[in-house]
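Observations on the three-dimensional arrangement
Listed here are the chains, written in short residue letters.
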Amino acid sequence: MLNRKKGEGDTLIPLGNDWDRLLQDEISKDYYLRLRQFLKNEYRSKVIYPNMYKIYEALRLTSYEDTKVVILGQDPYHGPNQAHGLAFSVQEGVAVPPSLLNIYKELSADMGCYIPNNGCLTPWAKQGVLLLNTCLTVVAGQANSHRNKGWEALTDRIIQLLNQKNTPVVFLLWGSNAKSKTIFITDRKHLVLTSAHPSPLSANRGFFGCRHFSRTNKFLKETGQQPIDWQIPSIQPASTTPSPGYPGE
């Protein structure tokens, strides 16, 4: 995005793909410049997740042109060593959080996938699944702590741009926060699938049994696109890091 001078403490890095061009006007707006200054101060004075160089990892790994599926989360996990810039994903070596475990359970029931021993969703991102949080940063131990600081305007714009894509996109919106973004998805060629959030607090109220993964692949095939290989491979040795409990979405 913006060029960063060495030692400046900036939180932004060029993405190296078409998002740089598409978001160039957005990151010159007043709200974004205020957000940028806010983040500089936060990273200097507090423990913030993810690492500042991973904030835009979802956009870096999944270009606009390559995006076929969007999974929208709330904000990053707020426990140590978890968040790395992809919604619902954690770094290798960290125990699978409860919401992601429920996603894996639905995948097993829907697609026959085995439940892997890690929660790193990078393989999805590399296939065109944009794992986007509504807010891209969080204070350690404080879910929703960077809400209403400007992130929502940026991620709303990202969804609006995806709505303008010529190629159909599948939007998976789980929970009320994600569902609120349907107002930006107005082109009927896209597929919008909604359900309850996969959190243990709500997964039994409509997430389990939604079959969103098979329905996504069916739609991709029907629109001439390559379906997603949803199987996350296990890594060896298995993770032994204890789970910190239910983090932010």
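Whatever comes next refers back to the structure up there.
Everything in this summary refers to the structure shown in the same document.

Reading guide: rules and limits
Along every chain, residues carry numbers that run from 1 in the direction the sequence is written. Confidence filtering applies because this is a predicted model: local features only for residues at pLDDT of at least 70, side-chain atom pairs given and counted only at 80 or more, and all residues used for totals across whole chains, interfaces and linings. Processing note: side-chain calculations cover all non-hydrogen atoms of the structure and skip hydrogens and water entirely. Numbering of helices and strands runs from the N terminus, with a helix taken as a DSSP run of H or I at least four residues long and a strand as a DSSP run of E at least two residues long. Given the number of residues in a helix, its expected span is that number minus one, multiplied by 1.5 Å. In this analysis, two residues are considered to be in contact whenever any of their non-hydrogen atoms come within 4.5 Å of each other. Pairing between strands is defined by DSSP: at least two bridges between the two strands are required. All axes here are fitted lines through C-alpha atoms, helices being fitted over the stretch that makes contact, and every angle between N-to-C directions spans 0 to 180 degrees.

**Describing helix α4 (residues 98–111)**
- For α4, built from 14 residues, the straight-helix expectation of 20 Å at 1.5 Å per residue is met to within 8% by its first-to-last C-alpha distance of 20 Å.
- Where α4 is buried, its residues meet α5 (122–125), β5 (170–174) and α8 (212–222).
- Among the residues trailing α4, glycine 112 stands out with phi positive, at a value near 80°.

**Quick look at the sheet that holds strand β2 (residues 69–73)**
- Pairing is parallel across the open sheet formed by four strands, whose spatial order is β3-β2-β5-β6. Taken across any chain shown, the strands that pair with only one partner, and hence form the sheet edges, are β3 (129–133) and β6 (191–195). The sheet shows a mean angle of 20° between the axes of neighbouring strands, direction not considered.
- Relative to β5, β2 runs parallel, the two sharing four bridges. Within the sheet, the bridge partner assigned to isoleucine 71 lies in β5 and is leucine 172.
- Packing against the sheet, helix α6 (residues 151–163) makes contact with β2, β3 and β5, and its axis sits at approximately 155° to β3.

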